There are 2 protein chains.
Amino acid sequence: MYVLGVDPGVARCGYAILSRSSHAIEVQEAGVIRTNKDTPLPSRLLQIFDTLKSIIASQSIDVVVVERVVFKTNAKSAMAVGQALGAAFMAAQSASLPIAQVSSNEMKLSLVGDGSADKWQLQSMVQRLLGMDKPISPPDVVDAIGLAFCFLSASEPVRQGWRVS
Amino acid sequence: MYVLGVDPGVARCGYAILSRSSHAIEVQEAGVIRTNKDTPLPSRLLQIFDTLKSIIASQSIDVVVVERVVFKTNAKSAMAVGQALGAAFMAAQSASLPIAQVSSNEMKLSLVGDGSADKWQLQSMVQRLLGMDKPISPPDVVDAIGLAFCFLSASEPVRQGWRVS
């Protein structure tokens, strides 16, 4: 099973493809889609959409897991995240893939055992879970890996609860 | 010159294509893209994106004018509007069209002479400006027509100030 995790953002959108075999969960590919702040927003959104579509087309993805953003922040930043989230949704939907949403709290609770773990604790745990020699960075990639890992570790009923399509 | 006005929203997205010749400004086509609230959000966004792309492809559009939403509202609704706005941006950008953003206040100030005009005043003025026999509805279509009309009526420097790409 191949899962694409996406940490949506307009300036930086983290992504990671994780696979699960009978033996192990492995990172197949991970990175950050960066868009230039001097580029008009419509181009930046289309860049995220097109890049995610290419990433999806390049591997046999089974599910896309996107971070469910819970807002404590202002309306302006909510709108920006909504735009990036929408682009990720549309990229997944255009490939007719099932989509799940997992909050950062749910992901940290699942992986670290503490929903309010900080980014260093998460980074350290992701490194251990994947048996890697050195810490993974940047945080956008750690989050994307965490989302996909959390989905792959979950039971089917929990996964169903996360489904949005 | 053909201008597509878009009043973005996930449940209802108003659109209108207006043309300007040497004689008059005319509505070529207008309507509302409705999406079903029981359909998962990714499908709804893709429906808006695909429908707007089809509308753009069906006419020789020169500019897309999208409402610039100014938030006094909560983060949750800001995120939903951001998603619909993003889909409209991406549809315009995927056809490499110039995009402008005009706020509701700017549009009402331009057409009615009062930035805080209510929807009935706007509806009445749009009817008069287009020389139509009966009022236009629903409000989503009135707004989309208003945005395109306002752009077509504006001077070039004002239009440039509205450009986002």
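Look above for the structure.
This text gives an overview of the structure that appears in the document.

Rules used in this analysis
All chains use their own residue numbering, which begins from 1 and follows the written sequence. Chain letters and ligand numbers both follow the written order, the letters beginning at A and the numbers at 1. In keeping with the predicted nature of the model, local features appear solely for residues at pLDDT of at least 70, side-chain atom pairs appear and are counted solely at 80 or more, and the whole-chain, interface and lining totals rest on all residues. Here the side-chain values reflect all heavy atoms present in the structure, with hydrogen atoms and water set aside. Geometry is summarised by axes, namely lines fitted to C-alpha atoms with helices restricted to the contacting stretch, and by angles between N-to-C directions that run from 0 to 180 degrees. Note on conventions: DSSP H or I runs of at least 4 residues are helices, E runs of at least 2 residues are strands, and numbering of each starts at the N terminus. Here the word oblique covers every angle except those under 35 degrees (roughly parallel), over 145 (roughly antiparallel) and from 65 to 115 (roughly perpendicular). Handedness of each helix crossing follows the sense of rotation of the near helix against the far helix: counterclockwise by less than a right angle gives left-handed, clockwise gives right-handed. Contacts are residue-level and defined by heavy atoms, with any inter-residue pair within 4.5 Å sufficient. Ten residues, namely Ala, Val, Leu, Ile, Met, Phe, Trp, Tyr, Cys and Pro, are considered nonpolar, four, namely Asp, Glu, Lys and Arg, are considered charged, and the remaining ones, Gly among them, are considered polar. Throughout, exposure labels follow a simple rule: accessible area from a 1.4 Å probe, protein chains only, divided by the maximum for the residue type, with under 20% read as buried, over 50% as exposed, and the rest as partly exposed. Paired strands, as defined in this entry, are two strands with at least two bridges between them according to DSSP. Summed over both partners, the accessible area lost on bringing two parts together, with a 1.4 Å probe, is the buried area. By definition, a salt bridge exists where a carboxyl oxygen of Asp or Glu is found within 4 Å of a side-chain nitrogen of Lys or Arg. What a helix should span is 1.5 Å times the count of its residues minus one. Least-squares fitting of one copy onto the other uses the C-alpha atoms of those residues that reach a pLDDT of at least 70 in both copies. Only centres within 6.5 Å qualify two rings of Phe, Tyr or Trp (six-membered ring in Trp) as a pair; their planes then separate them into stacked at under 30 degrees, edge-to-face at over 60, and tilted for everything else.

With respect to the packing of helix 4 (residues 119-129) of chain A against helix 5 (residues 139-153) of chain A
The relative placement of two packed helices is expressed as an angle between their axes plus a distance between the axes.
Residue and element names in this part refer to chain A.
And step 1. As a packed pair, helix 4 and helix 5 sit with axes 10 Å apart at the nearest point and diverge in direction by 55°. The pairing of helix 4 with helix 5 is recorded here as oblique in orientation. As for the relative orientation of helix 4 and helix 5, their crossing is left-handed in sense. From helix 4, Lys119, Leu122, Gln123, Val126 and Leu129 reach across to helix 5, where they touch Pro139, Val142, Asp143, Ile145, Gly146 and Phe149.
And step 2. Class assignment for the residues of the contact of helix 4 with helix 5 results in seven nonpolar, two polar and two charged.

Some thoughts on the pairing of strand 5 (residues 99-103) of chain A
All names here are of chain A.
And step 1. The buried fraction of strand 5 amounts to five of the five residues, a majority that puts the element mostly inside the structure.
And step 2. Where strand 4 (residues 63-68) meets strand 5, five bridges bridge the pair, whose relative direction is parallel. Opposite Glu67, over in strand 5, you have Val102 as the bridge partner.

Quick look at the sheet that holds strand 1 (residues 2-7) of chain B
Residue and element names in this part refer to chain B.
And step 1. Pairing is mixed in the open sheet, where five strands are placed in the order 3-2-1-4-5. What marks the edges here is a single partner per strand, and that holds for strand 3 (25-34) and strand 5 (99-103). Along the sheet, successive strands turn relative to each other by an average axial angle of 20°, direction set aside.
And step 2. Pairing of strand 2 (residues 12-20) with strand 3, which is carried by nine bridges, proceeds in the antiparallel orientation. Note that in strand 3 the partner of Tyr15 across the bridge is Gly31.
And step 3. Set on the sheet, helix 1 (residues 41-58) makes contact with strand 1, strand 2, strand 3 and strand 4 (63-68); between it and strand 3 the angle comes to about 160°.

A look at the sheet that holds strand 1 (residues 2-7) of chain A
Residues and elements named next belong to chain A.
And step 1. Strands sit in the order 3-2-1-4-5 across an open sheet of five strands; the sheet is mixed. Both edges of this open sheet fall to strand 3 (25-34) and strand 5, since each of them pairs with a single strand only. The mean inter-strand angle of the sheet, taken between neighbouring strand axes irrespective of direction, is 20°.
And step 2. The pairing of strand 1 with strand 4 spans four bridges and is parallel. The partner of Val6 across the bridge, within strand 4, is Val66.
And step 3. Its contacts with the sheet put helix 1 (residues 41-58) on strand 1, strand 2 (12-20), strand 3 and strand 4, and the angle it makes with strand 3 is roughly 160°.

Side note on the interface of chain A and chain B
And step 1. Contact residues are listed per partner, giving 25 residues for chain A and 25 residues for chain B.
And step 2. Across the interface of chain A and chain B, roughly 2000 Å² is buried in total on both sides, 84% from carbon and sulfur atoms.
And step 3. A per-residue breakdown of the area chain A buries against chain B is headed by A:Pro42, A:Met79 and A:Met90, which together make up 30% of the total.
And step 4. Our count for the contact surface shared by chain A and chain B stands at zero salt bridges.
And step 5. Elements that contribute at least two residues to the side of chain A that touches chain B include exactly helix 1 and helix 2 (75-94) of chain A.
And step 6. Within the side of chain A that touches chain B, the residues separate by chemical class into 16 nonpolar, nine polar and no charged.

Some thoughts on helix 1 of chain B
Two residues of an α-helix separated by three or four positions point the same way, owing to the 3.6 residues in each turn.
And step 1. Its 18 residues give helix 1 of chain B an end-to-end C-alpha distance of 26 Å, which sits within 8% of 26 Å, the value for a rise of 1.5 Å per residue.
And step 2. For helix 1 of chain B, every residue scored as buried is listed here: B:Pro42, B:Arg44, B:Leu45, B:Leu46, B:Ile48, B:Phe49, B:Leu52, B:Ile55 and B:Ile56.

Quick word on the relation of the copies chain A and chain B
And step 1. When chain A is fitted to chain B, the residual RMSD is 0.0 Å, and the transformation amounts to a turn of 180° plus an axial shift of 0.0 Å. Interpreted geometrically, this transformation is the action of a two-fold axis.
And step 2. A shared binding surface is used by both copies, with 100% of the interface residues of chain A retained as interface residues in chain B.

Comments concerning the packing of aromatic side chains
Residues and elements named next belong to chain A.
And step 1. Considering all chains together, one arrives at three aromatic pairs over all chains under this definition.
And step 2. Note on Phe151 and Trp162: the rings are 6.3 Å apart at their centroids and 35° apart in plane angle, and the pair reads as tilted. Placement of the pair is Phe151 in helix 5 and Trp162 in helix 6 (residues 156-162), with a sequence separation of eleven residues. Across the pair, exposure class does not vary: Phe151 and Trp162 are buried alike.

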